[in-house]
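# Chain and residue survey
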Amino acid sequence: MKKINALLMAALLAGMLGGCASAQATPEATASTSPSATEENPYGGFPVDPPAANEVVLTVDGAKSIDYTLPQLKALVQVEETIYEPFVKKQQTFKGVEMAVLFEASGIKPTDKVDTVALNDYKYTDSASKFTDSKGFIALSRDGSAIGMDQGGPIRIVFPDGQKYSSFLDAWNWSIRSIEVAK
């Protein structure tokens, strides 16, 4: 929890917003992932140091609670999809872990209502099956690079083109910090 709080504080202190309904926070900013001075950042915010390898970046809380670091998430089976990213309005390739894999590991059932919560406390609630039916996944990289905090990272929810939630932007939670069964 201390690691998540540290990330949350960093995002809040940086004046960033996370989640879809507003501008979002992103954790792994480098010169290569940050927009140039002449380029407007569609996500808002400014570069923030990425999380350390041992920092928890995601907690999935179902029948059991599992904390994940970026290396632990990267060690799981990953999918890769080139999708139309609606916030920057261009094709981008995301690589990450299917939400179905994370749900299964923590005992989240398809009928469970889950909250996806961003670093800025933006919360979206829906049934687990809505995320999995739309092939939602936790993106860990974009176009082969880490996703900066100022770009909606270090991790975020995305949906492949042609899926129901590919155009339902409320579910595209940026800078996600937790997924938990709704109480």
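Residues numbered from 1 in each chain as written. Predicted model: local features only at pLDDT ≥ 70, side-chain atom pairs only at ≥ 80, totals over all residues. Heavy atoms only, no water.

## Quick notes on the overall build of the protein
Along the protein, the regular secondary structure elements total four helices and 10 strands. The secondary structure elements of the protein, listed N-terminal to C-terminal, are α-β-β-α-β-β-α-β-β-α-β-β-β-β. When the 183 residues of the protein are sorted by exposure, 50% land in the buried category. Restricting the contact set of the protein to residue pairs at least 6 apart, pairs at least 24 apart contribute 64%. Surface exposure of the protein reaches about 8300 Å², of which carbon and sulfur atoms provide 53%. (Helix = DSSP H or I, 4+ residues; strand = E, 2+ residues; numbered from the N terminus. Buried < 20%, exposed > 50% of the residue type's maximum accessible area, 1.4 Å probe, protein only. Contact = heavy atoms within 4.5 Å. Areas by Shrake-Rupley, 256 points an atom, 1.4 Å probe, with all protein chains shown as cover.)

## Here we look at the nonpolar core
Judged by nonpolar contacts, the single largest core of 35 residues is most densely connected at L58, F131, I138, I155 and I179. Setting aside anything within four residues of it in sequence, one finds I138 in contact with L58, K95, G96, V97, M99, L102, I155, R156, I157, I176 and I179. (Core = buried A, V, L, I, M, F, W, Y, C linked by side-chain atoms within 4.5 Å.)

## Digging into helix α3 (residues 99-106)
What α3 keeps buried is the set M99, L102, F103 and S106. Down the axis, α3 shows its buried residues gathered within 100 degrees of arc, on one side only. Trailing α3 by a residue or two, G107 shows a phi angle of about 80 degrees, which is positive. (Arc of directions from axis to C-beta.)

## Quick notes on the packing of aromatic side chains
Counted according to the given criterion, the structure contains 10 aromatic pairs. Considering the side-chain rings of F87 and W174, the 4.5 Å spacing of their centres and the 85 degrees angle between planes classify their relative orientation as edge-to-face. With F87 in the loop between β3 (79-85) and β4 (90-98) and W174 in the loop between β9 (156-158) and β10 (176-181), this pair connects stretches of sequence that are 87 residues apart. Assigned by exposure class, F87 and W174 land together as buried. Between F131 and F159, the ring centres sit 6.4 Å apart and the planes meet at 20 degrees, which makes this aromatic pair stacked. (Phe/Tyr/Trp six-rings, centres within 6.5 Å; stacked < 30°, edge-to-face > 60°.)

## A look at unusual backbone geometry
Here the bond from G153 into P154 is cis, since omega is 10 degrees, no more than 30 degrees from zero. Along the polypeptide, P154 turns up in the loop between β8 (145-146) and β9. Of note, K89 is a non-glycine position whose phi angle comes to about 55 degrees, a positive value. When you line up the elements, K89 lands in the loop between β3 and β4. Judged by relative accessible area, which is 59%, K89 ranks as exposed. Phi at D121 takes a positive value of approximately 75 degrees, unusual for a residue other than glycine.

## Looking at the side chain of S134
Inspection of the secondary structure puts S134 in the loop between α4 (128-133) and β7 (137-142). Residue S134 is classed as buried on the basis of its relative accessible area of 3%. Look past the residues within four positions of S134 in its chain and what remains in contact with it is F159, P160, Q163, K164 and Y165.

## Observations regarding the sheet that holds strand β2 (residues 65-69)
Pairing is mixed across the open sheet formed by five strands, whose spatial order is β2-β1-β10-β5-β6. Looking at which strands have only one partner, the edges of the open sheet turn out to be β2 and β6 (123-127). Within the sheet, the average angular offset between the axes of one strand and its neighbour, ignoring direction, is 15 degrees. Two elements, strand β5 (residues 113-118) and β10, share five bridges in a ladder whose sense is antiparallel. In the sheet register, V117 faces β10, and the bridge partner there is S178. Strand contacts of α3: β1 (56-61), β2, β5 and β10, with the helix running at about 135 degrees to β2, the strand carrying the most contacts. (Pairing = 2+ DSSP bridges. Axes fitted to C-alpha atoms, helices over the stretch in contact; angles between N-to-C directions.)

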